[in-house]
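So the chains spell out like this:
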Amino acid sequence: AEFRLSADGNSGIQLRSQTRPQWDTYGYQADMSGDGALVGFVYEHKRGLIAGRGERVTIGTDGMRQATKFAEPAELLASYRKEAWNTYRIVCRGPEITLFVNGTLMCQFSDRDPAAAASGGIIALQMHPGPPMKIEFRNLRLKTL
């Protein structure tokens, strides 16, 4: 997907999510914000931040999170273009989710917790509540792997 946010924008792409009343969703999210602070993170409503920019994360069958750093978050953020069109490539394969922004690997995570991992669900585009902001998406493509 391509996306563009105003400077104060806050959004995300919901993955393997559940539907909730009043068009809400609950699940994994490829996060993004206009200032770039949240770009390249995987967030999950129940557990919060799962994988930060520059991290490889595994959540084990016991629910424990193990993370290793593969790059400096600030260096990865350099590929993000504020208030311009960017691409988010999200690869979901089995328990693994990998995020790329403008072709740069941002984070990878594997969720093997049988009590919390989601293997399916909806894809949705988030409009975060708050002050006025502009969020645009275009050229959304899905590919079965």
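So, here is what we can say about the structure in this document. Quantities reported herein were computed from a predicted structural model and do not represent experimental measurements.

**Let's talk about unusual backbone geometry**
- At Gln22, a position not held by glycine, the phi torsion is positive, near 60°.
- Tracing the backbone shows Gln22 in the loop between β2 (10-20) and β3 (24-33).
- Even without glycine at this site, Trp23 takes up a positive phi of about 65°.
- Its location among the elements puts Trp23 in the loop between β2 and β3.
- Note on Trp23: relative accessible area 88%, which makes it exposed.

**Notes on the sheet that holds strand β10 (residues 104-111)**
- Taken in spatial order, the seven strands make up an open sheet running β7-β6-β10-β9-β8-β1-β12, and their pairing is mixed. What marks the edges here is a single partner per strand, and that holds for β7 (65-69) and β12 (135-138). Mean inter-strand twist for the sheet, computed between neighbouring axes without regard to direction, equals 20°.
- Relative to β10, strand β6 (residues 55-59) runs parallel, the two sharing five bridges. Note on β10: the bridge partner recorded for Ile59 is Asp111.

**Regarding the nonpolar core**
- Counting 25 residues, the largest nonpolar core has Met32, Val42, Ile50, Ala51, Tyr88, Leu99 and Phe109 as its most contacted members.
- Listing elements by their share of this core, those giving two or more residues are β1 (2-5), β2, β3, β5 (48-51), β6, β9 (96-101) and β10.
- Apart from residues no more than four positions distant in its own chain, Tyr88 is found in contact with Ala1, Phe3, Ile13, Ala30, Asp31, Met32, Val39, Gly40, Phe41, Leu99, Phe100 and Val101.

The rules behind the values
- Residues numbered from 1 in each chain as written.
- Predicted model: local features only at pLDDT ≥ 70, side-chain atom pairs only at ≥ 80, totals over all residues.
- Heavy atoms only, no water.
- Helix = DSSP H or I, 4+ residues; strand = E, 2+ residues; numbered from the N terminus.
- Buried < 20%, exposed > 50% of the residue type's maximum accessible area, 1.4 Å probe, protein only.
- Pairing = 2+ DSSP bridges.
- Axes fitted to C-alpha atoms, helices over the stretch in contact; angles between N-to-C directions.
- Core = buried A, V, L, I, M, F, W, Y, C linked by side-chain atoms within 4.5 Å.
- Contact = heavy atoms within 4.5 Å.

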